[in-house]
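Chain residues, written in single-letter form:
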Amino acid sequence: MPTRPHLQVSCALIEQDGRVLAAQRGPTMSLPLKWEFPGGKIHAGETPQDCLRRELMEELGVQIAVGKALPSVWHDYPGFRVTLYPFICLLTAGTPVLHEHAAVRWLWPHELAQLDWADADWPVLDAYLAERGSG
Ligand SMILES: Nc1nc2c([nH]c(=O)n2[C@@H]2O[C@H](COP(=O)(O)OP(=O)(O)OP(=O)(O)O)[C@@H](O)[C@H]2O)c(=O)[nH]1
């Protein structure tokens, strides 16, 4: 049986003035138009935090300070497995510019569950809301 890819992915819950940045995947990306926390695959030799700083600059043109790690989660999608390494981050410079995503939104924690999240992100969202006392 062929082994399915297992992706190691960092993602950022970027806070600014109490709101959190959510990003909608583009129509031609995998999981099209699902909402996610921006980030991407961890490259060889890169820490999850290095990955986030690189991806956020590439994808949205912003600088971030990477803070507390939330528990990692894994999820089986049809065809691949992903392990997500989520971090609470602060926006330190720039305004998001859409290089790959279809949209971004700054939402209050209690609004986040209204979006159509990628399946792997629901436990991340739960952990974040528990951390911030909004669960
Ligand atoms: N960035 C990110 N990816 C997520 C999240 N949740 C989730 O299931 N994923 C999945 O993790 C994988 C990350 O791939 P990606 O396409 O964002 O990564 P990348 O920028 O390094 O890709 P590329 O440079 O190969 O195009 C995708 O399959 C994506 O669907 C999330 O919250 N953030």
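By the naming in an unreviewed UniProt entry, the chain is 8-oxo-dGTP diphosphatase, taken from Desulfuromonas thiophila. Among the UniProt annotations of the chain, the heading Sequence similarities (unreviewed entry) holds the following wording: "Belongs to the Nudix hydrolase family."

Novice: Which parts of the structure should I look at to understand the site of the ligand?
Specialist: Near the ligand you find 20 residues, and of these L31, F37, K41, Y77 and D121 are the closest. Here E36 contributes a side-chain N or O atom positioned 3.2 Å from a nitrogen atom of the ligand. For the ligand, an oxygen atom lies 2.4 Å from a polar atom in the side chain of D121. Here the ligand is seated within the largest pocket. Elements that contribute at least two residues to the shell around the ligand include exactly strand 1 (6-16), strand 4 (39-41), helix 1 (48-60) and strand 7 (80-93). Its residues placed into classes, the shell around the ligand shows 11 nonpolar, 3 polar and 6 charged.

Novice: Explain the UniProt feature "domain: Nudix hydrolase" (unreviewed entry) in the chain here, please?
Specialist: The feature "domain: Nudix hydrolase" (unreviewed entry), as annotated in UniProt, sits at residues 4-129 in this numbering. Between the end C-alpha atoms of residues 4-129 there is a gap of 31 Å, over a span that is 17% helix and 42% strand.

Novice: Quick question: what am I supposed to make of the packing of aromatic side chains here?
Specialist: Describing an aromatic ring pair means giving the distance of the ring centres and the angle of the ring planes. The full count for this structure, using the stated rule, is 2 aromatic pairs. Here the guanidinium or amino end of R19 rests over the ring plane of W108, the centre of that ring lying 5.6 Å away.

The rules we used
Residues numbered from 1 in each chain as written. Predicted model: local features only at pLDDT ≥ 70, side-chain atom pairs only at ≥ 80, totals over all residues. Heavy atoms only, no water. UniProt positions renumbered as here; feature names shortened; annotations may be inferred. Near = heavy atom within 4 Å. Polar contact = N/O pair within 3.5 Å; in protein donor to acceptor, adjacent residues only side chain to side chain. 1 Å grid on protein atoms, 1.4 Å probe; cavity = no way out; pocket = protein on both sides within 12 Å on 5 of 7 lines; lining within 4 Å. Sits in = over half its atoms within 2 Å of the grid points. Helix = DSSP H or I, 4+ residues; strand = E, 2+ residues; numbered from the N terminus. Nonpolar A, V, L, I, M, F, W, Y, C, P; charged D, E, K, R; others polar. Phe/Tyr/Trp six-rings, centres within 6.5 Å; stacked < 30°, edge-to-face > 60°. Lys NZ or Arg CZ within 6 Å of the ring centre and 35° of its normal.

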